[in-house]
Amino acid sequence: MKCGFCGAENDITAKKCTSCGAPLEKQLRPQMLPGREIVQFQGGMNSDRPNVESPGAAKKYLIMFLLGCIMHDIVLPACVSKPAALYVLLTASVVFLGGAFYKLGYFSKLFWAAAPVLIVETVLLAALGFKGFFVKSYDSYLIAALAAVFLARRVLCFLGAAKLSKPSVAHLWRICSVVLPCLVAFITVYMVGPIEFQRLFVSEGEGNPAVFYILAMFFVIGWGALEVYIRILWVYTVRGLSELAEQEKRNRK
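What counts and what doesn't
Residues numbered from 1 in each chain as written. Predicted model: local features only at pLDDT ≥ 70, side-chain atom pairs only at ≥ 80, totals over all residues. Heavy atoms only, no water. Helix = DSSP H or I, 4+ residues; strand = E, 2+ residues; numbered from the N terminus. Buried < 20%, exposed > 50% of the residue type's maximum accessible area, 1.4 Å probe, protein only. Contact = heavy atoms within 4.5 Å. Areas by Shrake-Rupley, 256 points an atom, 1.4 Å probe, with all protein chains shown as cover. pLDDT = per-residue confidence, 0-100. Disulfide = S-S within 2.5 Å. Salt bridge = Lys/Arg side-chain N within 4 Å of Asp/Glu carboxyl O. Axes fitted to C-alpha atoms, helices over the stretch in contact; angles between N-to-C directions. Parallel < 35°, antiparallel > 145°, perpendicular 65-115°, else oblique. Nonpolar A, V, L, I, M, F, W, Y, C, P; charged D, E, K, R; others polar. Core = buried A, V, L, I, M, F, W, Y, C linked by side-chain atoms within 4.5 Å. Phe/Tyr/Trp six-rings, centres within 6.5 Å; stacked < 30°, edge-to-face > 60°.

Let us now look at the overall build of the protein chain. Along the protein chain, the regular secondary structure elements total seven helices and zero strands. Counting the 253 residues in the protein chain, one finds 37% classified as buried. Taking all contacts inside the protein chain whose residues are at least 6 apart in sequence as the whole, residues at least 24 apart take part in 62%. Carbon and sulfur atoms form 67% of the exposed surface of the protein chain, whose accessible area is close to 14,500 Å².

See the structure below:
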């Protein structure tokens, strides 16, 4: 068969291309039809092709995952002060996200790894909701633990999405998997950490509360900008899978 990456001809039983070493098992195999000649897949070079099989299915479950994230990351915090609504939405979102993780795990095992982290995050979020919306001094460790598992789940999903994305978008996902932990760690330590850390940025004296809240406002703006950027990356990832699914449909024809 012809390699879809370099165009070299290979034996039909070959597992790797003899020219470039690319795996041939994941490329479309020629079909032997009764009474007909072998039909070769004429794949061209495409270095921007994401490393994923069944892009149509991956796209469907990725959209399912995004809907679960909207429920889990946006709707839930608004309901923390309402226990009944919190636990109903929490259960629904975990089931929804768990199903998406299970299906996406077939395309990237990093989504399977994110599933137990999601369970721990859910337990901590439920505990925070049980204590109430307003953070108290004894909640600092709970907030820090919640931030840590939240980060772990997001980073695993970012790296899983990188495997579903074109190389250019995958590179941006890997950058986000580094930037996000740094940002969240800084904000968490600043907001609920030791007062000595805050004094590195706000000196003692009159006007400290005002400066503290101004910096907190900038943190929120920065966080919002990052979330918008991440949503844009998700859109490009879904669009890339759509294009790949359409391309494979045309190749099969």
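So much for the structure itself; the text now carries on.
Attention shifts here to the confidence of the model for the protein chain. In this model, the protein chain carries an average pLDDT of 76, and 74% of its residues clear a pLDDT of 70 or more. Every residue in residues 29-47 scores below 50 in pLDDT, and together they form 31 contacts with partners more than four places removed in sequence or on other chains.

Right, let's get into the state of the cysteines. What the rule picks out here adds up to zero disulfides. No disulfide involves Cys157; its sulfur sits 6.0 Å from that of Cys69, the nearest cysteine. Looking at Cys157, the relative accessible area reads 1%, which means it is buried.

For the structure on display, the rule yields four salt bridges. Of the charged contacts in the structure, one is a salt bridge between Glu227 and Arg154, with a shortest N-O distance of 3.0 Å. You can see Glu227 sitting in helix α7 (residues 208-252) and its partner Arg154 sitting in helix α4 (residues 140-164), a full 73 residues away along the chain. A relative accessible area of 13% places Glu227 in the buried class. The exposure class assigned to Arg154 is buried, which follows from its relative accessible area of 6%. One network of salt bridges, with partners in common, ties together Arg154, Glu227 and Arg231.

At a minimum axis distance of 9 Å, the contact between α4 and helix α5 (residues 167-192) shows a crossing angle of 175 degrees. Classified by the angle their axes make, α4 and α5 are roughly antiparallel. The segment α4 lies against α5, with Ser140, Ile143, Ala144, Ala147, Leu151, Arg154, Val155, Phe158, Leu159, Ala161 and Ala162 engaging Ala170, Trp173, Arg174, Cys176, Ser177, Leu180, Pro181, Val184, Thr188 and Val192. For the contact of α4 with α5, the residue count by class is 16 nonpolar, three polar and two charged.

It is worth spelling out the nonpolar core at this point. Formed by 41 residues in total, the largest nonpolar core has its most connected members in Leu62, Phe65, Leu104, Leu164 and Trp173. At the level of elements, α1 (55-78), α2 (83-104), α3 (109-131), α4, α5 and α7 are the ones that each hand at least two residues to this core. Membership of the second largest hydrophobic core comes to five residues, among which are Ala8, Ala14, Cys17 and Leu24.

Moving on: the packing of aromatic side chains. Enumeration over the complete set of coordinates arrives at 10 aromatic pairs. Geometrically, the ring pair formed by Phe150 and Trp223 is tilted, given 6.2 Å between the ring centres and 35 degrees between the ring planes. Placement of the pair is Phe150 in helix α4 and Trp223 in helix α7, with a sequence separation of 73 residues. A relative accessible area of 24% places Trp223 in the partly exposed class. Ring pairing ties together the aromatic residues Phe65, Phe101, Phe111, Phe158, Trp173 and Trp234, which thus form one cluster.

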